[in-house]
Amino acid sequence: MYYYVDSTYKHGGDMKGNMQSWKPNVAKIIEFAALNFQKGDVVGTLALNSYRHLEAYFGISGIGAVTHTLNFRLHPEQLIYVINHAEDKIIFVEAPFIPLIEAIKDHIKCVEKFIVMCDAESIPKNSLENIISYEEYIQTQGVNVFLGFALKTPYLIENGGV
């Protein structure tokens, strides 16, 4: 498989980059995943298409965990069922969807942590426990050996990743 590292992407006119520019954040997510959950664990994402969602998608899958995309259009009862049935341990959530998660938080006991896909100042006031901003989370993770291996297909295949 070939990756075009110089191919650029653009999101909403305000974020532009290429695979090289988001590779360090993907590696940080892989490192976090290695420390906090195991191969086969399920991590939910309740997000729109954004560079943060792209980084999370590759980072979660890179450790062999399952990326479980959640649909914000579902009725709250359906969302509760889907999250509990999949047994999501962590949910990456966009800030506009926090009220939706708050409304169902008492019914999704399997979720241990929420990572809000924004900077710390942009997190709206909420009643969720175990919550951290994506940017704060990324800054707390050190980049170690995974940086050299992130997004290299042979490493991922040999170690059970995507």
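Residues numbered from 1 in each chain as written. Predicted model: local features only at pLDDT ≥ 70, side-chain atom pairs only at ≥ 80, totals over all residues. Heavy atoms only, no water.

1. Considering the nonpolar core
Step number 1: In this structure, L46, I83, I91, V93, I101, I104 and F114 are the most contacted members of the largest nonpolar core, which totals 19 residues.
Step number 2: Elements represented by at least two residues in this core include exactly α3 (76-86), β5 (88-93), α4 (98-104) and β6 (113-116).
Step number 3: Counting residues per element, this core draws most heavily on α4, at four residues.
Step number 4: Once residues lying within four places of it in the same chain are set aside, the contact partners of I101 are L46, I91, V93, F114 and L128.
Step number 5: Judged by nonpolar contacts, the second largest core, of 15 residues, contains I29, A47, I90 and I138. (Core = buried A, V, L, I, M, F, W, Y, C linked by side-chain atoms within 4.5 Å. Buried < 20%, exposed > 50% of the residue type's maximum accessible area, 1.4 Å probe, protein only. Helix = DSSP H or I, 4+ residues; strand = E, 2+ residues; numbered from the N terminus. Contact = heavy atoms within 4.5 Å.)

2. Description of the packing of aromatic side chains
Step number 1: Enumeration over the complete set of coordinates arrives at two aromatic pairs.
Step number 2: Their ring planes at 20 degrees and their centres at 4.7 Å tell us that F72 and F97 sit as a pair that is stacked. Taken together, the residues span a long stretch of sequence, with F72 in the loop between β4 (66-69) and α3 and F97 in the loop between β5 and α4 at a distance of 25 residues.
Step number 3: Judged by its relative accessible area of 11%, F97 falls in the buried class. (Phe/Tyr/Trp six-rings, centres within 6.5 Å; stacked < 30°, edge-to-face > 60°.)

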